Amino acid sequence: MRKGKRIHSFILYSILFALFMGLGLPTVVQASESNAKKGTAQNPYIITTDITYPPFEFQNDKKEYVGIDADIINAIAKDQGFEIEFRPLNFSAGLQALEANQVDGMISAMSINPEREESFDFSDPYYEAGTVMAISENNKEIQSYDDLNGKTVAVKVGTTGATFVEKLQEKYSIKVNQFEDSATMYQDVVSGHSDAVFDDYPVMAYAIQQGLKLQLPLEPEKGDVYGFAVNKGQNAELLDMFNTGLANIKEDGTYDNIIDQYLDSDEKGSQNGFFALIQKNWRELLNGLSKTLLLTVISFAIALLFGVVLGFFAASPYAILRGISRLYVTIMRGLPMLVLAFFIYFSIPELLNIKLTAFIAGVATLTLSSAAYISEQVRGGIEAVSGGQLEAARSLGMSYGKSMVRVVIPQAIKIMIPSLINQFVITLKDTSILSIIGIVELTQAGKIIIARTYSSGSMWIIIGLIYILIITFLTWLSTFIERKMINA
Amino acid sequence: MPKLVVKHLKKNFGDLEVLKDLNFEVEEGEVVCIIGPSGSGKSTFLRCMNRLEEITGGSVIIDGVDLADPSQNINKVRENIGMVFQHFNLFPHLTVLENIMLAPDELKDETSEETRKTALSLLETVGLSDKADVYPKSLSGGQKQRVAIARALAMKPDIMLFDEPTSALDPEMVGDVLEVMKKLAREGMTMLVVTHEMGFAKEVADHVVFMDEGYIMEEGTPDQVFNHPQNERTKDFLEKVLV
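What counts and what doesn't
- Residues numbered from 1 in each chain as written.
- Chains lettered and ligands numbered in written order.
- Predicted model: local features only at pLDDT ≥ 70, side-chain atom pairs only at ≥ 80, totals over all residues.
- Heavy atoms only, no water.
- Helix = DSSP H or I, 4+ residues; strand = E, 2+ residues; numbered from the N terminus.
- Buried < 20%, exposed > 50% of the residue type's maximum accessible area, 1.4 Å probe, protein only.
- Areas by Shrake-Rupley, 256 points an atom, 1.4 Å probe, with all protein chains shown as cover.
- Pairing = 2+ DSSP bridges.
- 1 Å grid on protein atoms, 1.4 Å probe; cavity = no way out; pocket = protein on both sides within 12 Å on 5 of 7 lines; lining within 4 Å.
- Points joined across faces, edges and corners; volume = space filled by probe spheres on them.
- Nonpolar A, V, L, I, M, F, W, Y, C, P; charged D, E, K, R; others polar.
- Contact = heavy atoms within 4.5 Å.
- Buried area = accessible area lost by both parts, 1.4 Å probe.
- Salt bridge = Lys/Arg side-chain N within 4 Å of Asp/Glu carboxyl O.
- Polar contact = N/O pair within 3.5 Å; in protein donor to acceptor, adjacent residues only side chain to side chain.
- UniProt positions renumbered as here; feature names shortened; annotations may be inferred.
- Lys, Arg positive; Asp, Glu negative; His and termini not counted.
- Axes fitted to C-alpha atoms, helices over the stretch in contact; angles between N-to-C directions.
- Expected span 1.5 Å × (residues − 1).
- Bend = angle between axes of the 7 residues up to and from the residue.
- Left-handed = near helix turned anticlockwise from the far one by under 90°.

**Q** How should the overall build of chain B be read in this particular structure?
**A** Across its full length, chain B holds nine helices and 10 strands. For chain B, buried positions account for 54% of its 243 residues. Accessible surface for chain B amounts to roughly 10700 Å². Of this, 46% is attributable to carbon and sulfur atoms.

**Q** I tried to follow the sheet that holds strand β5 (residues 65-66) of chain B on my own but got confused; where do I start?
**A** What holds strands together in a sheet is hydrogen bonding between their backbones, with the strands either parallel or antiparallel. Judged by pairing direction, the sheet is antiparallel, and its four strands sit side by side in the order β2-β1-β4-β5 (chain B) without closing on themselves. A strand with exactly one partner marks an edge of an open sheet, and here the two such strands are β2 (16-26) and β5 of chain B.

**Q** Teacher, can you tell me more about the pairing of strand β11 (residues 196-200) of chain A here?
**A** Side-chain direction in a regular strand flips from residue to residue, so the side chains alternate between the two faces of the sheet. All names here are of chain A. Among the five residues in β11, five count as buried, and that is most of the element. When strand β9 (residues 152-156) meets β11, the two strands line up parallel, connected through two bridges. Following the sheet pairing, Val153 is matched in β11 by Ala196.

**Q** What exactly am I supposed to notice about the layout of surface pockets here?
**A** It is the rolling of a water-molecule-sized probe over the atoms that shows where space remains empty. Residues and elements named next belong to chain A. Of the voids in this model, the second largest pocket is the one considered here, and its volume is about 480 Å³. In this structure, the second largest pocket is lined by 22 residues; those nearest its centre are Phe300, Leu304, Ile417, Leu420 and Ile421. The dominant element in the lining of the second largest pocket, judged by the number of residues it contributes, is helix α16 (residues 400-430), at nine residues. Residues of the lining of the second largest pocket, tallied by class, amount to 19 nonpolar, two polar and one charged.

**Q** Looking at this structure, I do not really get the interface of chain A and chain B. What am I missing?
**A** Much of the literature gives interface size as the accessible area that the parts lose upon coming together. Listed as interface residues are 16 residues of chain A and, on the opposing side, 22 residues of chain B. For the pairing of chain A and chain B, the buried interface totals around 1700 Å² over both sides, and the portion due to carbon and sulfur atoms is 58%. The interface formed by chain A and chain B holds two salt bridges in total. Measuring nitrogen to oxygen at the nearest pair gives 2.4 Å for the salt bridge that ties Glu391 of chain A to Arg47 of chain B. Remark: the boundary between chain A and chain B carries seven residue pairs in polar contact (both at pLDDT 80 or more).

**Q** Explain the environment of Ser173 of chain A to me, please; I cannot follow it from the model alone.
**A** Residue and element names in this part refer to chain A. You can see Ser173 is positioned in the loop between α6 (160-171) and β10 (175-179). With a relative accessible area of 49%, Ser173 lands in the partly exposed category. Counting along the chain gives 23 residues from Ser173 to Gly150, while the straight-line C-alpha distance between them is 5.2 Å. Those residues in contact with Ser173 that lie beyond four places of it in its chain are Leu148, Asn149, Gly150 and Lys151.

**Q** Can you walk me through the environment of Lys131 of chain B in this structure?
**A** All names here are of chain B. Tracing the backbone through its elements, the reader meets Lys131 in the loop between α4 (112-125) and α5 (141-153). Separated by 12 residues in the primary sequence, Lys131 and Gln143 place their C-alpha atoms 9.1 Å from one another. Contact partners of Lys131, with chain neighbours within four places excluded, come to Val96, Leu139 and Gln143.

**Q** I tried to follow the UniProt feature "transmembrane region" (unreviewed entry) in chain A on my own but got confused; where do I start?
**A** All names here are of chain A. Following the UniProt record, the feature "transmembrane region" (unreviewed entry) maps to residues 293-315, 327-348, 433-454 and 460-481 here. As a span, residues 293-315 carries 100% helix and 0% strand, and end to end its C-alpha atoms are 31 Å apart. The distance from the first to the last C-alpha atom of residues 433-454 is 21 Å, and the span holds 55% helix and 0% strand.

**Q** I'm lost on the side chain of Asp188 of chain A in this one. Help?
**A** Residues and elements named next belong to chain A. Mapped onto the elements of the fold, Asp188 is located in helix α7 (residues 182-190). Put simply, Asp188 is tucked away with no salt bridge, and the nearest opposite charge, on Lys175, sits 8.0 Å away. Side-chain polar atoms of Asp188 contact the side chain of Asn177, separated by 3.3 Å. Those residues in contact with Asp188 that sit more than four places away from it in its chain are Asn177, Phe179, His193 and Ser194.

**Q** Is there a simple way to think about the sheet that holds strand β6 (residues 81-84) of chain B in this case?
**A** All names here are of chain B. Taken together, the six strands give an open sheet; going across it, the order is β6-β7-β8-β3-β9-β10, and neighbouring strands pair in mixed fashion. Of all the strands in the sheet, just β6 and β10 (215-220) have a single pairing partner and so form its edges. When the angles between neighbouring strand axes are averaged without regard to direction, this sheet yields 15 degrees. Here α5 sits on the sheet and contacts β6 and β7 (159-163); the angle it forms with β6, its principal contact strand, is near 170 degrees.

**Q** Explanation requested: α16 of chain A in the structure shown.
**A** Given 3.6 residues per turn, any residue in an α-helix points the same way as the ones three and four places further on. A rise of 1.5 Å per residue sets the reference length of α16 of chain A, with its 31 residues, at 45 Å; its end C-alpha atoms lie only 37 Å apart and thus fall more than 12% short of the reference. Bending of α16 of chain A peaks at approximately 45 degrees at the position of Val408 of chain A, with proline Pro410 of chain A no more than four residues after it.

**Q** So what exactly am I meant to see when it comes to the pattern of salt bridges here?
**A** Pairing of side chains with opposite charge becomes possible as their charged atoms draw close. A full pass over the atoms with the stated rule returns 21 salt bridges over all chains. Two residues, Arg333 of chain A and Glu376 of chain A, come together in a salt bridge whose shortest N-O distance is 3.6 Å. With Arg333 of chain A in helix α12 (residues 319-334) and Glu376 of chain A in helix α14 (residues 358-385), the pair connects residues that are 43 residues apart, well separated along the chain. Of the charged contacts, one joins Asp63 of chain B and Lys3 of chain B as a salt bridge, the two residues approaching to 3.0 Å between their closest N and O atoms. Here Asp63 of chain B, found in the loop between β4 (57-62) and β5, pairs with Lys3 of chain B, found in the segment before β1 (4-13); they are 60 residues apart in sequence, far enough to count as distant.

**Q** How do you make sense of the side chain of Asp200 of chain A when you look at a structure like this?
**A** Residue and element names in this part refer to chain A. Here Asp200 shows up in strand β11. Buried charged residue Asp200 carries no salt bridge. Nearest counter-charge: Lys156, at 7.1 Å. Non-local contacts of Asp200, meaning those with residues more than four positions away in its chain, are made with Tyr53, Gly130, Thr131, Thr160 and Tyr226.

**Q** Sorry, what's going on with the packing of helix α11 (residues 274-315) of chain A against α16 of chain A here?
**A** All names here are of chain A. For the pair α11 and α16, the least separation of the axes is 11 Å and the interaxial angle reads 145 degrees. Considering how the two elements wind past one another, α11 and α16 form a crossing that is right-handed. Residues Thr292, Leu293, Thr296, Phe300, Leu304, Phe312 and Ala315 of α11 form the contact with α16, whose participating residues are Tyr400, Met404, Ile409, Leu420, Gln423, Phe424, Thr427 and Leu428. Counted by class, the contact of α11 with α16 contains 11 nonpolar, four polar and no charged residues.

And the structure:
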């Protein structure tokens, strides 16, 4: 009996304990969930990758994550029979998520180095990414580093490629052109400004596979090795499965197939043709164009209102109003639009402690700048009419306001229309400057497509043609309207 | 009481003294011609009569109202002072009839039918009834100036200011404009005319004023000024223009 009583009290205490724990219900639920077998469909391993870093990870047309990293981890998961779920984060956010155990593993073209090994456990290296030299498709002259003597080389600031070229410079006389992004750097060689370019092998090989008109005459240098990482002391089982799976897919050829798919230049993409580029990217270009038009129309409408008011100030008989207008115009005319855009997007939020979207900052930039020019045109229009016309109206006893409305402005508008159409076109073209604060208007859309397709040559022709077409059309339209108005 | 009294009128453009202490009177119904070499200040003087030029000092009193007083509603005063400019200043975006009707439409308490009737009868007076619906650009200079006179008259002013009304006209156009002005004079309009037409001044003016260097050098009847000038400057000037 005693024994039975003890069992009873054990059950009682257990119930009490469970009730007590029940106060922390979410904890219990979470605990029970993590008890389910890791790596099943109900409880997959959470794997983080970078958001876009071709050819290692990027979204395809179907919005699925593909690329060398993504395909390798998928192949290994299939081989080892576990389930994964991607959680794309940018690289540094991914590192933090892994450290905080928010994700189970990270595969993101991450070099294995001693500092990282202090925080993370790495798999066997799954890829070696060395620097490689590329030259123009038609170049037969450069076959070794010796041939670089007296030549010009393009590098990206702060990369291992740049460091490698610095070492070469100790031996050879090489002129270096520095670039901020790969697409522009490659184009510099394609268009013949530079003779060779140094960049990470996989990135460059992928670009060539996508149709970039470069070739790789030499093997890549030894370079960093990439590894799959888990948090220090966590998920050892996952790491084991990765290593075993990696060995398996290397053995059965899956690994080579994956690498070849992205880097083998024999399977060149055919999308760099002029019309193929339009065909594949028309939706993106159209979105960019509509953003450009939206920015232009909104900005110009507000600027017109604002500019007319300032123009009236400038032509008014009151010195203080003329002063305000002149000060405004002087400031805006003295500011490059790029600086104005940076000021509005970066300085104003900091100074006033407010948040501005890029679109609003863009509209503000265009509006403030165009308003200054419009006000000058309004002032010019009014002054061209003023004088005798204003005196004649005033001499009849009409007030300044009535004289302006009935006599001066109707004539000034006709004078101003051509220059306002011109200002509209300028505003439309100025939207391209706003790509600098990340608004995806037509120019930025072009830059993005180029970053993916490495087709600067054709793409800038396409973008240029779109601008010319749309501006020609709008100019024709407004001249048509102008003629209607004048005849009316 | 005189219709218009000018007392110690001064006008400066910056440091430049254009009018220097002018005193002057005009009786109701009088026609006064102001003559003098160019740059003598006669146009500026005329433009002070409806304050198109701000008055620097002194007073311009019309029907007991001082124009130099800034508290006066100048727009109301100007309704009674018509002005005709050397370069017509017709409104090019309006037809002839609209040019004439604009100010009365805006300012007078009459129906637009009345305004229209007045405008058409004024066009008849200046001999341009057939031009009511054309735009100013299709008119000759003389026709433009006659429309401008009709436009000024549409507000039914009791003083008319003419600022070299025939100077911009081809010689064959001058006569028509002067005819209209003579008709006005005969009807008893008080008129101040800055002009180079000495013949007109001799024939029509009740009073001639000779200005030079911002002063009224001499004034009197046409006979006094043209036939018996006292001032050396007047004699000089007349010798040059009456050759």
